[in-house]
Amino acid sequence: MHSPLTTVTVAHSPDADDAFMFYALVTGKVRSTSVRFEHQLSDIQTLNEAAKQGRYEMTAISYHAYPYVADKYVLTSPGSSVGDGYGPLVVAKRAFSISDIKGKTIAVPGLQTTAYLALQLLQPQFEPVVVPFDQILDRVHEGEVDAGLIIHEGQLMYVRSGLQRVVDLGAWWKEQHGLPLPLGANAILRSLSPEVQKECVTCLRASIHYALEHREEALNYAMGFSRGLDGATADSFVGMYVNHHTTDMAPEVMEAARKLLAMGYEAGLVSKKVELEYVQ
């Protein structure tokens with residue numbers, strides 16, 4: 001008799017890079033003999049909050065959120081979204097200098113997003129206004145806030161809204177520390193057996209490899225989550241965040257994540273100090 005399959009709910013963002021990453025798992029191109037995967041789509045801030053309760057067996061989280069969920073989750077080696085010399089942007093109707101961020105009202109996509117932590121490390125004295133990530137460009141354009149902190153495909157679409165870039169946080173981080181900026185990770189419940197954890201990680205890695213090796217096929221699927229990007233722009237966006245950094249946790253990504261969270265802790269922006277742990 002076959003052992004019953006373990007059901008694992010995988011939660012991730014409804015955007016093109018995550019859709020690309022999970023394409024093979026969603027469509028059954030990658031299958032497991034011991035785990036049955038179900039998928040839940042939510043924005044990253046909602047997933048960060050859900051992870052505090054341990055709601056999903058496997059979930060996307062922000063690196064910034066890891067200290068607050070490390071009691072329940074361990075990171076997976078594959079599945080990180082990393083900006084290497086690029087990343088979240090602060091944009092405004094009229095460009096201003098980095099020093100002028102101080103005192104501004106800035107729409108942010110969530111208080112535990114990595115983008116928010118990086119901006120606080122650059123300049124902690126601004127007034128954050130939490131806005132769903134896909135509404136930030138509109139709020140800036142309508143003048144409801146002085147600037148917006150944009151993630152996901154907004155990084156490639158703000159020019160269409162007639163907005164100006166104030167700072168690229170990934171470029172700033174690379175300039176300061178010579179490291180990529182680790183933004184999002186995947187995490188898996190510690191309470192799952194080591195066998196199930198390893199099987200999930202093996203399947204996630206296989207799904208990422210499948211998408212990279214069958215790019216056009218996976219991109220066609222991901223286009224359904226691209227919120228108006230044309231094919232070439234969606235391809236660029238996916239390439240920014242699903243690449244060699246995503247297939248495995250490179251030493252420089254681990255170093256960068258440790259530095260980011262340590263700096264946040266030392267600055268009083270992250271209230272818990274944790275060791276980064278991951279399932280290989």
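Since this is a predicted model, take the numbers as computed values, not measurements.

Colleague: Residue-level account of the overall build of the protein chain, with values.
Modeller: Across its full length, the protein chain carries 12 helices and 12 strands. Computed over the C-alpha atoms, the radius of gyration of the protein chain is 18 Å, within 12% of the 19 Å expected from 2.2 N^0.38 for a compact globule of 280 residues. Its C-alpha atoms give the protein chain principal-axis dimensions of roughly 65 × 40 × 30 Å. Of all 280 residues assigned to the protein chain, the portion counted as buried reaches 56%.

Colleague: Tell me what's going on with empty space enclosed by the protein, and back it up with residues and numbers.
Modeller: Summed over the entire model, instances satisfying the criterion amount to 1 cavity of 30 Å³ or more. Lining the largest cavity are 25 residues, with Ile44, Ser81, His152, Leu183 and Gly184 positioned closest to its centre. For the lining of the largest cavity, the secondary structure elements donating two or more residues are helix H1 (16-26), strand S3 (58-62), helix H4 (114-122), strand S11 (181-189) and helix H10 (231-241). A class-by-class count of the residues in the lining of the largest cavity yields 12 nonpolar, 10 polar and 3 charged.

Colleague: With reference to specific residues and values, describe the packing of aromatic side chains.
Modeller: Taken as a whole and judged by the stated rule, the model has 7 aromatic pairs. Taken together, a centroid distance of 5.8 Å and an interplanar angle of 75 degrees make the contact between tyrosine 86 and tyrosine 241 edge-to-face. Remark: tyrosine 241 occurs in helix H10 and tyrosine 86 occurs in the loop between strand S5 (81-83) and strand S6 (89-92); sequence separation between them is 155 residues. Judged by relative accessible area, which is 4%, tyrosine 241 ranks as buried. Seen in terms of ring centroids, tyrosine 221 and phenylalanine 225 are 5.4 Å apart; in terms of plane orientation they differ by 55 degrees. Their pairing is tilted. Taking the relative accessible area as the measure of exposure, tyrosine 221 reaches 25% and is therefore partly exposed. Aromatic rings pair up to connect Tyr23, Tyr210, Tyr221 and Phe225 into one cluster. Here lysine 104 stacks its cationic end above the ring of phenylalanine 96, 4.7 Å away from the centre of that ring.

Colleague: Could you give an account of the packing of H1 against helix H8 (residues 194-213), with specific residues and numbers?
Modeller: Their axes nearest at 7 Å, the elements H1 and H8 cross at an angle of 110 degrees. The orientation of H1 with respect to H8, classified from their angle, is roughly perpendicular. Between H1 and H8 the crossing geometry is right-handed. Mapping the contact onto sequence places Phe20, Met21, Phe22, Tyr23, Ala24 and Leu25 in H1 and Cys203, Leu204, Ser207, Ile208, Tyr210, Ala211 and Leu212 in H8. Taken together, the residues of the contact of H1 with H8 break down into 12 nonpolar, 1 polar and no charged.

Colleague: Summarise H8; cite the residues concerned and give the values.
Modeller: Given a rise of 1.5 Å per residue, 20 residues ought to cover 28 Å, and the 28 Å separating the end C-alpha atoms of H8 matches this to within 8%. Here H8 has its buried residues at Val196, Gln197, Cys200, Val201, Cys203, Leu204, Arg205, Ser207, Ile208, Tyr210 and Ala211.

Colleague: Which residues make up the pattern of salt bridges, and what values go with them?
Modeller: Scanning the model with the defined rule gives 9 salt bridges in all. Among the salt bridges present, the one from lysine 72 reaches aspartate 71, with a minimum N-O distance of 3.4 Å. The class of lysine 72 is partly exposed, set by a relative accessible area of 29%. Taking the shortest distance from any N to any O, the salt bridge between arginine 215 and aspartate 235 comes out at 2.8 Å. Taken together, the residues span a long stretch of sequence, with arginine 215 in helix H9 (residues 215-222) and aspartate 235 in helix H10 at a distance of 20 residues.

What counts and what doesn't
Along each chain, numbering runs from 1 in the same order as the chain's sequence is written. Confidence filtering applies because this is a predicted model: local features only for residues at pLDDT of at least 70, side-chain atom pairs given and counted only at 80 or more, and all residues used for totals across whole chains, interfaces and linings. Side-chain measures were taken over the full set of non-hydrogen atoms in the model, leaving aside hydrogen atoms and water. Numbering of helices and strands runs from the N terminus, with a helix taken as a DSSP run of H or I at least four residues long and a strand as a DSSP run of E at least two residues long. The reference for a compact globule is 2.2 Å times residues^0.38; the radius of gyration itself is calculated from the C-alpha atoms. Remark: exposure states derive from per-residue accessible area (1.4 Å probe, protein chains only) relative to the maximum for the residue type, with buried under 20%, exposed over 50%, and partly exposed in between. For cavity detection a 1 Å grid was placed over the protein atoms alone, and a set of points counts as a cavity when a 1.4 Å probe fits there but cannot get out; an open set counts as a pocket when protein lies on both sides within 12 Å along at least five of seven lines, with lining residues being those that have an atom within 4 Å of a point. Grid points are joined across faces, edges and corners, and a volume is the space filled by probe spheres set on the points. Side-chain classes follow a simple rule in which Ala, Val, Leu, Ile, Met, Phe, Trp, Tyr, Cys and Pro form the nonpolar group, Asp, Glu, Lys and Arg form the charged group, and the remainder, Gly included, forms the polar group. Classification of ring pairs rests on two measures: the distance between centres of Phe, Tyr or Trp rings, Trp counted by its six-membered ring, which must be within 6.5 Å, and the angle between planes, read as stacked under 30 degrees, edge-to-face over 60 and tilted in between. A positively charged side chain is recorded as over a ring if its NZ (Lys) or CZ (Arg) lies within 6 Å of the ring centre. The angle to the ring normal must also be within 35 degrees. In this description, a line fitted to the C-alpha atoms serves as the axis of each element, helices being fitted only across the stretch in contact, and the angle between N-to-C directions of two axes falls anywhere from 0 to 180 degrees. For this classification, under 35 degrees means roughly parallel, over 145 means roughly antiparallel, 65 to 115 means roughly perpendicular, and everything else is oblique. Rotating anticlockwise by less than a right angle from the far helix to the near helix defines a left-handed crossing, while the corresponding clockwise rotation defines a right-handed one. We call two residues in contact whenever any of their non-hydrogen atoms come within 4.5 Å of each other. To estimate how far a helix should reach, multiply one less than its number of residues by 1.5 Å. Any Lys or Arg side-chain nitrogen found within 4 Å of a carboxyl oxygen on Asp or Glu counts as a salt bridge.

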